[in-house]
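# Secondary and tertiary structure notes
Each chain is listed here by its residues.
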Amino acid sequence: MSPRAANPPVPAATDPALIRNFCIIAHIDHGKSTLADRMLQITGIVSDRDMRAQYLDRMDIERERGITIKSQAVRMPWQAGDTSYALNMIDTPGHVDFSYEVSRSLAACEGAILLVDAAQGIEAQTLANLYLALENDLEIIPVLNKIDLPAAEPEKYAKELADLIGGTPDDVMRVSGKTGVGVEELLDRVVERIPAPVGNADAPARAMIFDSVYDSYRGVVTYVRMVDGHLNPRERIQMMSTRATHEILEIGVSAPEPTPTKGLGVGEVGYLITGVKDVRQSKVGDTVTTASKSATEALAGYTEPLPMVFSGLYPIDGSDYPELREALDKLKLSDAALVYEPETSVALGFGFRAGFLGLLHLEIVTERLQREFGLEIIATAPSVVYEVTTEDKKTVTVTNPSEFPTGGKIAEVREPMVRAAILAPKDYVGTIMELCQSRRGTMLGMEYLGEDRVEIRYNMPLGEIVFDFFDQLKSKTAGYASLDYEPSGDQAADLVKVDILLQGEQVDAFSAIVHRDKAYAYGVLMTGRLRELIPRQQFEVPIQAAIGARIIARESIRAMRKDVLAKCYGGDITRKRKLLEKQKEGKKRMKMVGRVEVPQEAFIAALSGDTEGKEVKKK
Amino acid sequence: MGSALPLGEPAPLDGLLPASASVGARERAFGVYLHVPFCRVRCGYCDFNTYTAGELRGARQVDYADHAIDEIRMSRRVLEASGLPDRPAVTVFFGGGTPTLLPADDLVRMLGAVRDGFGLAPGAEVTTEANPDSVGRDDLRRLADGGFTRVSFGMQSAVPHVLAALDRTHDPERIPLVVAWARDAGLDVSLDLIYGTPGESLADWRRSLESAIGERPDHLSTYALIVEDGTKLARQIRRGELAEPSDDLEADMYELADDLLAAAGYQWYEVSNWATAPGHRSRHNLGYWRGDDWWGVGPGAHSHVGGVRWWNAKHPAAYAERVTAGLSPAVGRELLDEPTRETERVLLLTRIREGIDVRSLSGGGRHAVAGLIADDLVDAKAALAGVLTLTRRGRLLADAVVRRLLED
């Protein structure tokens, strides 16, 4: 309707009937941020002059990769007919690693725009989030984006969407976030189709935290969706999971800059600032109530974040260890899911064992450490959590191969499983099945989406997914396949720990827990890689892969025979001495494994080899 | 000499040395190095400070001896003014470049300036490098008459395809001729060989060694080819036109040289140098390895006096300008502190047969000795007697030995 609402509803005094809370569900590069930008512009809350691309994604990494890690909520006025409404757009994280955050964002909404690229069709993650949205009883508005692209096939994908969610292809809206075509109609559709929030204004206040962001100037900014009652400035609030109380220093809405208000009422979405400095004091999913008149029952759905993937983080320069600790402590303030504890490695020195929600989370953290803190770090091959039962009936939780009990006294190893969904053009079904079988997957089912795309579901060990799976999937399907997975319990498996030995000394950073059938391949891979990477020494260096005491693969580095500069006369001495000093300096970066000098770079290169799961590209 | 100058502090315009340079000077031998920075062509492997006619930017080869003589006169004044005692030159060495591109008379005049300035010690060793195709019978006789005692020919190889890969223009047949002329003139003879040239086989190398030994020189140097950045050879290797020399093949070649030379009665006295008898060792070069004093004359030349090392302006034109203006041609220097001098002492003495006194080493160095014996890098018997001398394996791994001796 009109680009500017005449009398926009005032926060804290808005009739819930005039509120629409919605989110946008979309795959990574399907144009969610561009569409959101266009909505900000069309509703007039961001002037054309201030418009900068992808306004809502705050972090550099997000903007560069086009992914949304942290959600935000924006209140936009919109006039439909004679009535002005308040539309709250809640921006959800788009990645499976953050599925819990996604679920909380969805729980804050009554409806969702299902946004799909008109040239690509729906992808696995979108499908997964769509399931979540339907589970939350959200009203779905299907939309095809990028209809301005020459490669767009709106008819084909409209049919695909209609098949998926019911209705007819004509119900699927067609927009272009880039040109703005169809966006006003879409906002009208939001008002028309998405139900208004319902709550009890007289009940004790209950607000669900759907995001919690650390801001270095203001401390933690907590984003909430009011369900019942009212929250006011200067009021004391209580977090229902911890019973901790804080005073509201500021309460307001994002428009999209933070704008203080006189409070928040039923159905409204806004933010709270209490002066706390750590996002752990303001946990996503928790319920906020007032300290004076507390609610008795928390809102459903809160869970603690659970790390799924572990990796050792080490500074490349050992003297950066204190800086790494400080950086992690700072990151923790804005990342409630990040956990870590000190760890030492023979090969890599002092570092931290850190737990992550998934591979992307791991990659984001390592990248932030490098970019925001200027730290050069190395991450060891990601590992999952194994439950190992020994013959004396003790159970050990193994997040690091070095904790794997040695000797022959293991009764059972249980590994985490995931239910993986892969979407791809039907031509790749055979290739994908082959890959999944080789990764010990069990097929659960297969369904056609539209005419030429297939969803294939597998039950697979998470350990297989963190090792290289996504790269393999992408390369075997020319980049067409998309992947989503969710935890699905655990299973007993014949897993062994493969150690890598240099001249008989174990190199802890390369130990890996793998299936017995794959131990040999891992051994050959790592010994071969190290042979290429470790410089020759004055003696021959055997490189072995072993399961316990049994050697399964072997390579050797031949002894270096010549290490002397042939000429050293009057004019060469300074240069020669400086070279020696440089070598001495270089030796400080060498790690000694027994008598073998290994350059740090060799460890790094071996750990980040092409075939390892560390290199997870954006999904 | 590698051509890039090191980074150091600026050298004073008057060239004066700090007082520390004269400490212990009477115990150190004094030598003079004269650099002649001219070549007819630049060889593909060479990054020495040398220039062909087209690269001289106004500097003139005919004026060079006069400029060098200016510096020799200045050096005499500087040493005196800096409190150094009078010391005659024990050795004089003309290197390049191609010293024999200058008329023999120029070389003799330069030597005369050294004699006038410092005096020559009795029995002084006076060497010039010579290119087999730029030196004649008369030149060699004139040099001997002028006081030269020794000539070192850049033979490099006896195998045409190896010489071609090195861009060497001389005919291998010329070696017996020039050696005979030098003998006739009464000069000691040394031959230089290079191994590890791309395309050179172990058999090629054997042929060169046998050919060189057949000339019965008093002294032989064999150098593994060093691929220096910025040379034509480095570019050819980078582009894949030539194969990079292999360390393993070079080790085989070194061992072959050591076998053949030992069998022919030559004894190694430095990693890359052999002589028929101690009296035929290059005393000038031993001065470098023993940390003695020397004055390096000419563009880019390095000098060392009592822990002060300096280097001259690199280009002959810049050099000539400074010397003509009466300024020191030195452009940079370093004052070596005690730990640095010790590092150099170990790194240089390790290379030579007379070796290092175990008792002179630091605690860390002494601690390394047992391991060096165990790894067959130093001679066990000599080490037990208190001297570290490299084994053949140790010579091939000399840089690693030095690192171990200098470990903290």
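Let me begin by describing the structure that accompanies this report.

What counts and how
Residues numbered from 1 in each chain as written. Chains lettered and ligands numbered in written order. Predicted model: local features only at pLDDT ≥ 70, side-chain atom pairs only at ≥ 80, totals over all residues. Helix = DSSP H or I, 4+ residues; strand = E, 2+ residues; numbered from the N terminus. Buried ≥ 20, exposed ≤ 12 C-beta atoms within 10 Å, placed from the backbone. Contact = placed C-beta atoms within 7 Å. Pairing = 2+ DSSP bridges. Axes fitted to C-alpha atoms, helices over the stretch in contact; angles between N-to-C directions. Parallel < 35°, antiparallel > 145°, perpendicular 65-115°, else oblique. Left-handed = near helix turned anticlockwise from the far one by under 90°. Nonpolar A, V, L, I, M, F, W, Y, C, P; charged D, E, K, R; others polar. Core = buried A, V, L, I, M, F, W, Y, C linked by C-beta atoms within 7 Å.

### Focus on the overall build of chain A
When helices and strands are counted, chain A shows 13 helices and 32 strands. Residues classed as buried in chain A amount to 49% of the 619 residues present. Long-range pairs, those at least 24 residues apart, make up 71% of the contacts in chain A between residues at least 6 apart in sequence.

### Description of the overall build of chain B
Helix and strand content of chain B: 15 helices and 15 strands. For chain B, with 408 residues in total, the buried portion stands at 49%. Considering only contacts in chain B between residues 6 or more positions apart, those separated by 24 or more positions represent 75%.

### A word on the environment of A:Ile42
Residue and element names in this part refer to chain A. With respect to the element layout, Ile-42 can be found in helix H1 (residues 32–42). Under the C-beta neighbour-count criterion, Ile-42 is labelled partly exposed, with 19 such atoms within 10 Å. The spacing of Ile-42 and Trp-78 is 36 residues in sequence and 9.2 Å in space, taken between C-alpha atoms.

### Overview of the sheet that holds strand S5 (residues 139–145) of chain A
Residues and elements named next belong to chain A. Spatially, six strands are ordered S2-S3-S1-S4-S5-S6 in an open sheet, and the strand pairing comes out mixed. At either end of the open sheet lies a strand with only one pairing partner, and these are strand S2 (73–80) and strand S6 (173–174). Relative to strand S3 (residues 83–90), strand S1 (residues 19–26) is paired through five bridges, and the arrangement is parallel. Bridge pairing in S3 places Phe-22 opposite Met-89. Where H1 meets the sheet, it contacts S1, S2, S3, strand S4 (111–117) and S5, and its direction lies at approximately 150° from that of S1. Helix-sheet contacts for helix H6 (residues 183–193) involve S1, S2, S3, S4, S5 and S6, and the interaxial angle to S5 is about 170°.

### Focus on the pairing of S3(A)
Each regular strand displays side chains that alternate between the two surfaces of the sheet. Residue and element names in this part refer to chain A. Across the eight residues that make up S3, a large majority, six, are buried. Summarising the sheet, S2 and S3 pair through eight bridges and their orientation is antiparallel. Bridging from a neighbouring strand, Val-74 pairs with Met-89 of S3. Counting the residues in the hairpin turn of S2 and S3 gives two residues, including Gly-81, whose phi is positive at 65°.

### Concerning the sheet that holds strand S7 (residues 206–215) of chain A
The strands that make up a sheet are held in pairs by hydrogen bonds between backbone atoms, and each pair lies either parallel or antiparallel. Residue and element names in this part refer to chain A. With respect to topology, eight strands assemble into an open sheet ordered S10-S9-S14-S7-S8-S13-S11-S12, the strand pairing being antiparallel. The open sheet has two edge strands with one neighbour each: strand S10 (245–247) and strand S12 (258–260). Averaged over all pairs of adjacent strands, the angle between strand axes in this sheet comes to 40°, irrespective of strand direction.

### Some points on the packing of helix H1 (residues 64–81) of chain B against helix H10 (residues 316–324) of chain B
Residue and element names in this part refer to chain B. With their axes 10 Å apart at the nearest point, H1 and H10 run at an angle of 50° to one another. By the criterion of interaxial angle, the relationship of H1 to H10 is oblique. Between H1 and H10 the crossing geometry is left-handed. The segment H1 lies against H10, with Tyr-64, His-67, Asp-70 and Glu-71 engaging Pro-316, Tyr-319, Ala-320 and Val-323. Taken together, the residues that form the contact of H1 with H10 break down as five nonpolar, one polar and two charged.

### Quick word on the environment of A:Ile543
Residues and elements named next belong to chain A. With respect to the helices and strands, the residue Ile-543 is situated in strand S29 (residues 541–547). A tally of 24 C-beta atoms within 10 Å means that Ile-543 is categorised as buried. Distance in space between the C-alpha atoms of Ile-543 and Ser-556 is 5.4 Å, their sequence separation being 13 residues. Beyond its immediate sequence surroundings of up to four residues, Ile-543 is in contact with Leu-502, Thr-527, Leu-530, Arg-531, Glu-555, Ser-556 and Ile-557.

### With respect to the packing of helix H6 (residues 202–214) of chain B against helix H8 (residues 247–263) of chain B
Residues and elements named next belong to chain B. Viewed as axis vectors pointing N to C, H6 and H8 meet at an angle of 30°, and their least axial separation amounts to 10 Å. When the axes of H6 and H8 are compared, the pair comes out roughly parallel. Relative to H8, H6 is oriented so that their crossing is right-handed. The segment H6 lies against H8, with Leu-202, Trp-205, Arg-206, Leu-209, Glu-210 and Ile-213 engaging Leu-249, Asp-252, Met-253, Leu-256, Ala-257, Leu-260 and Leu-261. Residue composition of the contact of H6 with H8, by class: ten nonpolar, no polar and three charged.

### Thoughts on the nonpolar core
Nonpolar side chains in soluble globular proteins tend to end up buried together. Among the nonpolar cores identified, the biggest contains 177 residues, and A:Ile25, A:Ala112, A:Leu114, A:Val143 and A:Ile422 are the most heavily contacted of them. Ranked by the residues each element gives to this core, the list is headed by strand S22 (residues 410–425) of chain A, at eight residues. With residues up to four places along the chain from it excluded, the contact list for A:Ile25 reads A:Thr92, A:Ala112, A:Ile113, A:Leu114, A:Leu115, A:Thr126, A:Asn129, A:Leu130 and A:Ala133. Counting residues in each nonpolar core, the second largest holds 106 residues, with B:Tyr33, B:Ile72, B:Ala130 and B:Ile194 among its members.

### What about helix H3 (residues 99–107) of chain A?
Residue and element names in this part refer to chain A. Most of H3 sits out of view: eight of its nine residues are buried. Considered for burial, the residues of H3 that qualify are Ser-99, Glu-101, Val-102, Ser-103, Arg-104, Ser-105, Leu-106 and Ala-107. Here the buried face of H3 lies against S1, S3, S4, helix H4 (124–135), S7 and strand S25 (482–492).

### Details of the interface of chain B and chain A
Between chain B and chain A, the contact holds 35 residues from the first and 21 residues from the second. Listing elements by their share of the side of chain B that touches chain A, those giving two or more residues are strand S7 (219–224), H8, helix H9 (283–289), strand S10 (293–297), strand S11 (302–305), helix H11 (338–349), helix H14 (392–396) and helix H15 (398–405) of chain B. Looking at the side of chain B that touches chain A residue by residue, the class counts come to 17 nonpolar, seven polar and eleven charged.

### Topic: the pairing of strand S16 (residues 339–345) of chain A
Residues and elements named next belong to chain A. Here S16 runs beside strand S17 (residues 349–356); their pairing, made up of seven bridges, is antiparallel. The residue of S17 that forms the bridge with Val-339 is Gly-355. Counting the residues between successive antiparallel strands, the hairpin from S16 to S17 contains three residues.

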